[in-house]
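Spelled out from the first residue to the last, the chains are:
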Amino acid sequence: LIVVRGLFTGGFGLVEIEPGEAAVVYNTTGLALFGESERVIREQGTFTFIPFVQRVTKLDIRPQVLLMEGDADGETNHVRRLSVRAADGSKLWFDRLEIHYQAIAALGDKVIQHHGQGDAYKVHALAVHSREVLRNEFGSYTALEVADPSTYGPATVQAKLTLNERLEPYGIRVTQIITPKPRFQQAVEQAIENRQTAEQEVEVQREKRERMLKQRDRKVQ
């Protein structure tokens, strides 16, 4: 049992890379004789290394989803909901916002170097940068602008681009951001609804006027 455990936990120079994992092999001696200082393994299977001279750290590269929901931080990949101060000073929030991401296998050494081992890159880097970027992007619009799907749709796309510019050099890539309809305080919600109703009425009257003008032209002819 001791031998088997040593073999498959890396204690005796063997390590198993499972689906959804990558590994980084570190040369702990600094001597070129024992290979590169850092080497990323992306293939699955069993690999050998030299105990006490090399060290292996595995990394989870499966697709992940960071959920922003609720009033408090939860477990890994679950943080409190996103609240934003709009450009006109009003408050808005998203009840459930999803950020789909994963670690870049080829940059596994960068992920560990900048964020630490295990789930550190999920807990710290992604959550902090995502909240900042999304607040900056949506906060540049007024409440009425954000309430328009033609605005918060492109804003979401721009937030994704900005996030990837920040995070890809550190080995993290955002693949998708799913934003629901933003929520507002009751007074703002009512004002937005009244404005949308008024705009719809204006559009109805415009179409009615155009229809009457066409009828007049036909009668004149």
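In this text, all values refer to a predicted model and were calculated from it rather than measured experimentally.

## Here's the deal with the sheet that holds strand E6 (residues 64-69)
- One open sheet holds the four strands; their spatial order is E7-E6-E10-E11, and the pairing between them is mixed. What marks the edges here is a single partner per strand, and that holds for strand E7 (78-79) and strand E11 (172-178).
- With six bridges joining them, strand E10 (residues 96-103) and E11 adopt antiparallel strand pairing. In the sheet register, Gln 102 faces E11, and the bridge partner there is Arg 173.

## Regarding the pairing of E6
- With six bridges connecting them, E6 and E10 associate as antiparallel partners. Bridge pairing in E10 places Glu 69 opposite Arg 96.
- Where E6 and E7 come together, two bridges link them in parallel fashion. Residue pairing across strands places Met 68 opposite Val 79, the latter belonging to E7.

## Describing the pattern of salt bridges
- Per the stated rule, a full pass over the model turns up 13 salt bridges.
- In this structure, the salt-bridge partner of Asp 71 is Arg 81, at a minimum N-O distance of 3.9 Å. In this pair, Asp 71 sits in the loop between E6 and E7 while Arg 81 sits in the loop between E7 and strand E8 (82-85), placing the two residues 10 residues apart along the sequence.
- Of the residues examined, Asp 71 reaches a relative accessible area of 66% and is grouped as exposed.

Calculation criteria
Residues numbered from 1 in each chain as written. Predicted model: local features only at pLDDT ≥ 70, side-chain atom pairs only at ≥ 80, totals over all residues. Heavy atoms only, no water. Pairing = 2+ DSSP bridges. Helix = DSSP H or I, 4+ residues; strand = E, 2+ residues; numbered from the N terminus. Salt bridge = Lys/Arg side-chain N within 4 Å of Asp/Glu carboxyl O. Buried < 20%, exposed > 50% of the residue type's maximum accessible area, 1.4 Å probe, protein only.

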